[in-house]
Amino acid sequence: MITHFIRLKPRYMMKKSWLLGAGLLLASASLMAQAKLVEKVTKKPNSITIPYEKYVLPNGLTIVVHEDHSDPVVHVDVTYHVGSAREEIGKSGFAHFFEHMMFQGSDNVADEQHFKIVTEAGGTLNGTTNRDRTNYFETVPSNQLEKMLWLEADRMGFLLDAVTQQKFEVQRATVKNERGQNYDNRPYGLVQEVGARTMYPYGHPYSWLTIGYVEDLNRVNVNDLKNFFLRWYGPNNATVTVGGDVKTADVVKLVEKYFGSIPKGPEVTPVKVPAVNLDKDRYVSYTDNYARLPLLAIGFPTVPNYHPDQAALACLAQILGQGRNSVLYQQLTKKQLALQASASSSLSELAGEFQFTFVPYMGKSLADMEKLWRAALDSFEARGVTDEDIAKFK
């Protein structure tokens, strides 16, 4: 079935195991941990292969290294397997909130100095959060690799003492402002939020957005946030990926040096939820004070990421609603029945969605738009998928 969204639009911080010397935080030799090789992928002729080696430290940290000596740069990424899907009802927005807090300094890096250290090293940096993961990354000259690993290890192992009430309040205001800019006060900004809570049952990890609700952000306190960090940001729930002008053995030694003595966090188990099953079409609408034109969004629940149907759904989205040769463009946009008509497939760790979005042409109602969409699907069913469609997608 389909759903329609019609709108006007306690880990112990082992500080004593670290020594501050030569401007870098060094792990005590007695706590050095040996990484275990668990996977190696090599380049194969006539195939699209990214060679890499994967290791695991005794504390559970995963290391992935890819050598690419084409340019004297290196990219460092630390991904934590925590996003908004790990949050609780009434405590939404924590993962995104912590993305902000991780840039506010740690025991050995002063407030806002993370940005300064990376940029002065000739690099760029950022962080992102989605439903399923949070990542922090830097791209720097390859001779700055050690400094980047030290920075990331310091905030993984020694962040909480630097999280003050003042920093907490500043970032809470920042996150609320970001929500206002990108969602509440933006044309069609709430369509995803309305859609998520309509498609997914109450309490489903995808029934709220990563940005969280304002009332939850107002309710949270600094200790709630610290507990969230202690639960999810341990090395056993993280992967350090290094790609670029490096030698794998050197990278592994450096990761052992800086991350090896960080204690393992609580055990993390996969999230399992039943597949979303709508027993009938659902219609919901709301008034958008910032949108000048109505919008019709239609969503189908589909399958999780890496499902065998992943490529087929992406191909279908391209055929139906991406580009000037797509079915929806040819039948609706080109004929001036819709100002916008598109399709997309989005798969996440626990579930996926296939979505259509329409902005009707002047004089067309949302009900008209739905009829035109159904007629376009009927014509697609008669047309079928051609070999040319598949070749173009590949």
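Throughout this document, residue positions are counted from 1 along each chain, in the order its sequence is written. A pLDDT threshold of at least 70 governs which residues receive local features in this predicted model, and a stricter bar of 80 or more applies before side-chain atom pairs are shown or counted, although totals over entire chains, interfaces and linings include all residues. The basis for every side-chain value is the complete set of heavy atoms in the structure, and neither hydrogens nor water enter the calculation.

Participant: Just to check I follow, could you spell out the pairing of strand S6 (residues 62-67) for this structure?
Facilitator: Residues in a regular strand project their side chains so that they alternate between the two faces of the sheet. As judged from the four bridges shared by strand S5 (residues 52-56) and S6, these two strands associate in the antiparallel manner. Bridge pairing in S6 places Tyr55 opposite Ile63. The antiparallel hairpin formed by S5 and S6 contains five residues in its connecting segment, where Gly60 sits at a positive phi of about 95°. Relative to strand S10 (residues 238-244), S6 runs parallel, the two being bridged by six bridges. If you follow Thr62 over to S10, its bridge partner there is Thr239. Pairing between strands requires that DSSP locate at least two bridges from one strand to the other. Counting from the N terminus, the helices are the DSSP runs of H or I reaching at least four residues and the strands are the DSSP runs of E reaching at least two.

Participant: Explain the confidence of the model for the protein chain here, please?
Facilitator: As a general rule, the predicted coordinates of low-pLDDT regions are not to be interpreted in detail. Every residue carries a pLDDT, the predictor's confidence in it, which falls somewhere between 0 and 100. Mean pLDDT for the protein chain: 90, with 92% of residues reaching 70 or above. Here a residue-residue contact requires only that any non-hydrogen atoms of the pair lie within 4.5 Å. Confidence drops under pLDDT 50 across residues 1-31; counting only partners more than four residues distant or on other chains, this segment forms 133 contacts.

Participant: Which parts of the structure should I look at to understand the pattern of salt bridges?
Facilitator: Pairs can form between side chains of opposite charge whenever their charged atoms are close. Throughout this description, the term salt bridge denotes a Lys or Arg side-chain nitrogen within 4 Å of a carboxyl oxygen of Asp or Glu. Applying the stated rule across the entire model yields 15 salt bridges. Residue Lys40 pairs with Glu53 through a salt bridge whose shortest N-O separation is 3.6 Å. Here Lys40, found in strand S4 (residues 36-41), pairs with Glu53, found in strand S5; they are 13 residues apart in sequence, far enough to count as distant. Exposure classes here rest on a 1.4 Å probe applied to the protein chains alone. A residue is buried below 20% of its type maximum, exposed above 50%, and partly exposed in between. For Glu53, a relative accessible area of 16% puts it in the buried group. The residue Lys257 makes a salt bridge to Glu146 at a minimum N-O spacing of 3.0 Å.

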